[in-house]
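These are the residues of each chain, in order.
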Amino acid sequence: MIVVFITVKLKKLILIIAVLVVLIAAIIVLLVGCGKSDTAETAVLGNTTATLVIDPGHGGIDGGAVSESGVKESDINLAISDKMACLADFLGVRYVKTVEADAVSGESAGYSEHENLVSRAKIVNSTENAVLISVHQNEYPNELVKGAEVMYADTDGSRNLAESMQSLLVSQLDPENRRVFRPAPQELLLTRSINCPGVLVECGFLSNPSEAEKLASWDYQMKIAAILVASYMNFSATYYNA
């Protein structure tokens, strides 16, 4: 029992160190701007054989949830994903994005959500040693409901990634959050279509006015981005062997 206790404590310590490293990187990115570091050739605490796949949920005519003030989910998803990419660049973390700009997701009347998700899944499955993080925002009829929640694909490693990510989102972002990680519902096409570790992160509830205000802010988005990147780095360091 003692050995297990120490192991759990050590894992939590490693997670905290990982997020602190990425938060420091976030401060540097804030001061010097976004761009790949000339000195960061490998991922800190990460694994250079893995590739982070950043998926900004929704986009284009498919804006997703909308806050009371009119902020679209797709805009927040893209903003957090862009910050994840900035941090990945700075830390030397290899990554690809399923969507480079909001317009890519479709603005025409012929836009198909199904085809869009199939296209994203193809990008994930064609990426060697991929780890997917799909960024989303939640909503609920009761505006009091709040908190980030991680859902994981039915693929090897996904549950471990979700567990550590949920732990960091609670401990480093919102200690009052009582939501827990859980399997992704089968109706979510992206998570059921991938063949690699992957999670879908509901970063918060746009239906909760106070949380929606935070989710729309630059600093809160950067904190979320840092936690997601740190979770990936910690996971990839052990999942894919160099």
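### Quick word on the overall build of the chain
Looking only at helices and strands, one finds 7 helices and 6 strands in the chain. Looking at the chain as a whole, 50% of its 242 residues are labelled buried. Here the analysis covers contacts within the chain between residues at least 6 apart in sequence; of these, 83% occur between residues at least 24 apart.

### A word on the packing of aromatic side chains
All chains considered together, the criterion is met by 3 aromatic pairs. Ring geometry for Y152 versus F181: centroids 6.0 Å apart, planes at 45°, classification tilted. In this pair, Y152 is assigned in strand β4 (residues 149-152) and F181 in the loop between α4 (158-173) and β5 (182-183), connecting sequence segments 29 residues apart. Residues Y239 and Y240 carry aromatic rings whose centres are separated by 4.8 Å and whose planes lie at 80° to one another, so their mutual orientation is edge-to-face. One aromatic cluster is present, built from ring pairs that chain together F235, Y239 and Y240.

### Observations concerning the side chain of D55
Its location among the elements puts D55 in strand β1 (residues 51-56). Residue D55 is classed as buried on the basis of its relative accessible area, which comes to 1%. In contact with D55, not counting residues within four places along its chain, are S81, T98, R120, L132, I133, S134, V135, H136 and L190.

### Focus: the nonpolar core
Counting residues in each nonpolar core, the largest one holds 52 residues, and the members touching the most others are I80, M84, I133, M165, V199, V201 and L228. If you tally residues by element for this core, the top one is helix α7 (residues 218-239), at 11 residues. Beyond its immediate sequence surroundings of up to four residues, M165 is in contact with I133, V150, V199, V201, I227, L228 and S231.

### Some remarks on helix α2 (residues 73-91)
Quick reminder: α-helices carry 3.6 residues per turn. Residues three or four places apart thus point the same way. Here α2 contains 19 residues, and its C-alpha end-to-end distance of 27 Å stays within 8% of the 27 Å for a straight helix at 1.5 Å per residue. Counting buried positions along α2 yields 17 of 19 residues, so the element is predominantly enclosed. G92, located one to two residues past α2, shows a positive phi value of around 75°.

### Notes on the environment of T51
Positionally, T51 belongs in strand β1. Taking C-alpha positions, T51 is 9.7 Å from V124, a pair spaced 73 residues apart along the chain.

### Here's the deal with the sheet that holds strand β2 (residues 95-97)
Reading across from one edge, β2-β1-β3-β6-β4-β5 is the order of the 6 strands in this open sheet, with mixed pairing throughout. The two strands at the open ends of the sheet, each matched to only one other strand, are β2 and β5. Relative to β2, β1 runs parallel, the two sharing 3 bridges. Looking at the pairing, V53 lines up with V96 of β2. Along the sheet, α2 makes contact with β1, β2, β3 (130-138) and β6 (198-205), crossing β3 at roughly 145°.

### Comments concerning the environment of Y240
One can find Y240 in the segment after α7. One polar contact links the side chain of Y240 to the main-chain carbonyl oxygen of A130, over a distance of 3.1 Å.

### What about the packing of α2 against α7?
At a closest axis distance of 8 Å, the pairing of α2 and α7 adopts a crossing angle of 55°. Considered as vectors, α2 and α7 are oriented oblique to each other. Every pair of crossing elements has a handedness; the one defined by α2 and α7 is right-handed. Along its contact with α2, which presents I76, A79, I80, K83, M84, L87 and L91, the element α7 presents W218, Q221, M222, I224, A225, A226, L228, V229 and M233.

### Notes on the layout of surface pockets
In this structure, the second largest pocket encloses a volume near 330 Å³. Lining the second largest pocket are 20 residues, and of these E113, L117, H136, L188 and L200 sit closest to its centre. Those elements that provide at least two residues to the lining of the second largest pocket are α3 (113-125), β3, α5 (189-193) and β6. In terms of residue count, α3 provides more of the lining of the second largest pocket than any other element does, 4 residues in total. The residue makeup of the lining of the second largest pocket, split by class, is 8 nonpolar, 5 polar and 7 charged.

### Overview of the pattern of salt bridges
Should the charged atoms of two oppositely charged side chains come close, the side chains can pair. Overall, the coordinates contain 6 salt bridges when judged by the stated rule. For R120, the salt bridge goes to D55, with nearest N and O atoms at 2.6 Å. Of the two residues, R120 is situated in helix α3 and D55 in strand β1; the sequence distance between them amounts to 65 residues. Per residue, the accessibility class of R120 equals that of D55, and both read buried. Here K97 ties to D82 by a salt bridge, and the two come within 2.5 Å at their closest N and O atoms. Taken as a pair, K97 in strand β2 and D82 in helix α2 lie far apart in primary sequence, 15 residues in all. The buried category is assigned to K97, whose relative accessible area is 12%. With relative accessibility at 32%, the residue D82 sits in the partly exposed group. Salt bridges sharing partners connect three or more residues here, namely E149, R179 and R182.

Cut-off values and rules
- Residues numbered from 1 in each chain as written.
- Predicted model: local features only at pLDDT ≥ 70, side-chain atom pairs only at ≥ 80, totals over all residues.
- Heavy atoms only, no water.
- Helix = DSSP H or I, 4+ residues; strand = E, 2+ residues; numbered from the N terminus.
- Buried < 20%, exposed > 50% of the residue type's maximum accessible area, 1.4 Å probe, protein only.
- Contact = heavy atoms within 4.5 Å.
- Phe/Tyr/Trp six-rings, centres within 6.5 Å; stacked < 30°, edge-to-face > 60°.
- Core = buried A, V, L, I, M, F, W, Y, C linked by side-chain atoms within 4.5 Å.
- Expected span 1.5 Å × (residues − 1).
- Pairing = 2+ DSSP bridges.
- Axes fitted to C-alpha atoms, helices over the stretch in contact; angles between N-to-C directions.
- Polar contact = N/O pair within 3.5 Å; in protein donor to acceptor, adjacent residues only side chain to side chain.
- Parallel < 35°, antiparallel > 145°, perpendicular 65-115°, else oblique.
- Left-handed = near helix turned anticlockwise from the far one by under 90°.
- 1 Å grid on protein atoms, 1.4 Å probe; cavity = no way out; pocket = protein on both sides within 12 Å on 5 of 7 lines; lining within 4 Å.
- Points joined across faces, edges and corners; volume = space filled by probe spheres on them.
- Nonpolar A, V, L, I, M, F, W, Y, C, P; charged D, E, K, R; others polar.
- Salt bridge = Lys/Arg side-chain N within 4 Å of Asp/Glu carboxyl O.

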